[in-house]
Amino acid sequence: MASNPLQTQESYPRPIKIIMVGGHKRSMRRLADRCRQEGWRVENHSGETYGRCGEELRSQIGRSDIVAITTRVNSHGGMFIAKALARRLGRTFIVIRRDNFEELKAAVVDTERRS
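The rules behind each value
Residues numbered from 1 in each chain as written. Predicted model: local features only at pLDDT ≥ 70, side-chain atom pairs only at ≥ 80, totals over all residues. Heavy atoms only, no water. Helix = DSSP H or I, 4+ residues; strand = E, 2+ residues; numbered from the N terminus. Buried < 20%, exposed > 50% of the residue type's maximum accessible area, 1.4 Å probe, protein only. Contact = heavy atoms within 4.5 Å. Areas by Shrake-Rupley, 256 points an atom, 1.4 Å probe, with all protein chains shown as cover. Pairing = 2+ DSSP bridges. Right-handed = clockwise from strand over helix to strand, strands pointing away. Axes fitted to C-alpha atoms, helices over the stretch in contact; angles between N-to-C directions. Salt bridge = Lys/Arg side-chain N within 4 Å of Asp/Glu carboxyl O. Core = buried A, V, L, I, M, F, W, Y, C linked by side-chain atoms within 4.5 Å. Parallel < 35°, antiparallel > 145°, perpendicular 65-115°, else oblique. Left-handed = near helix turned anticlockwise from the far one by under 90°. Nonpolar A, V, L, I, M, F, W, Y, C, P; charged D, E, K, R; others polar.

Q: Any chance you could break down the overall build of the protein for me, citing the residues and the numbers?
A: The secondary structure content of the protein amounts to 4 helices and 4 strands. When the helices and strands of the protein are listed from N to C terminus, the series reads β-α-β-α-β-α-β-α. For the protein, with 115 residues in total, the buried portion stands at 40%. Across the protein, contacts joining residues at least 24 apart in sequence account for 72% of those joining residues at least 6 apart. Summed over its atoms, the accessible surface of the protein is roughly 6900 Å², and 47% of this surface lies on carbon and sulfur atoms.

What follows is the structure, encoded as structure tokens:
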């Protein structure tokens, strides 16, 4: 029986793990709180790829179920590298305009519908 990582915590044995690439640090706490209410766990990466930041991005994508890439607050390089890593590591990725819970949830639900 295949399990669906997009289901809420009540119906899935572990919370879904989402990595947000880009976005504002100040809004991440509120976003993380809202995600926890859905049974999801969210981490943030700045999208910067110089030095150890690139290694950290790869590690975070590797342990995530979904990679959410914000386009409004992110470098083009970080966005393209995150997409390439997600593809290479077999992770679902979604592209959203901003680090907003409603936009994230709509994209996750849309992804769930298509899978």
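Additional details are given in the paragraphs that follow.
Q: I'd like a description of the pairing of strand β2 (residues 40–45), backed by residues and values.
A: Every regular strand shows the same layout, with side chains that alternate between the two sheet faces. Where strand β1 (residues 16–21) meets β2, 6 bridges bridge the pair, whose relative direction is parallel. Bridged to lysine 17 within β2 is arginine 41. Each parallel crossover has a hand, and the one from β1 via helix α1 (residues 25–37) to β2 is right-handed.

Q: So what's going on with the sheet that holds strand β3 (residues 66–70)? Residues and values would help.
A: The strand order across the open sheet built from 4 strands is β2-β1-β3-β4, with neighbouring strands paired in parallel fashion. At either end of the open sheet lies a strand with only one pairing partner, and these are β2 and β4 (92–96). The mean angle between the axes of side-by-side strands here comes to 25°, regardless of whether they run parallel or antiparallel.

Q: Let's hear about the pattern of salt bridges: which residues, and what values?
A: Scanning the model with the defined rule gives 7 salt bridges in all. Measuring nitrogen to oxygen at the nearest pair gives 2.9 Å for the salt bridge that ties arginine 52 to glutamate 55. With a gap of 3 residues between them, arginine 52 and glutamate 55 both fall in helix α2 (residues 52–62), about one helical turn apart. When salt bridges that share partners are traced, they join Arg41, Glu43 and Arg63 into one network.

Q: Got a sec to walk through the nonpolar core? Specific residues and values, please.
A: Ranked by internal contacts, the top residues of the largest apolar core, which has 17 residues, are Ile18, Met20 and Leu104. If you list the elements that add at least two residues to this core, you get β1, α1, β2, β3, β4 and α4 (101–114). If sequence neighbours within four positions are ignored, isoleucine 18 has contacts with Trp40, Arg41, Val42, Glu43, Ile66, Ala68, Leu104 and Val108.

Q: Please provide a residue-by-residue account of the environment of lysine 25, values included.
A: For lysine 25, the position within the fold is in helix α1. Measuring from C-alpha to C-alpha, the distance between lysine 25 and histidine 45 comes to 9.2 Å, with 20 residues separating the pair along the chain.

Q: Quick one: what's the story with the packing of α1 against α4, residue by residue and with numbers?
A: One can describe the packing of α1 onto α4 by two numbers: an axis separation of 10 Å at closest approach and a directional angle of 40°. If you check the angle between α1 and α4, you find them oblique. In terms of crossing hand, the pair formed by α1 and α4 is right-handed. For the pair α1 and α4, the contacting residues are Leu31, Arg34 and Cys35 in the first and Phe101, Glu102 and Leu104 in the second. Here the residues of the contact of α1 with α4 sort into 4 nonpolar, no polar and 2 charged.

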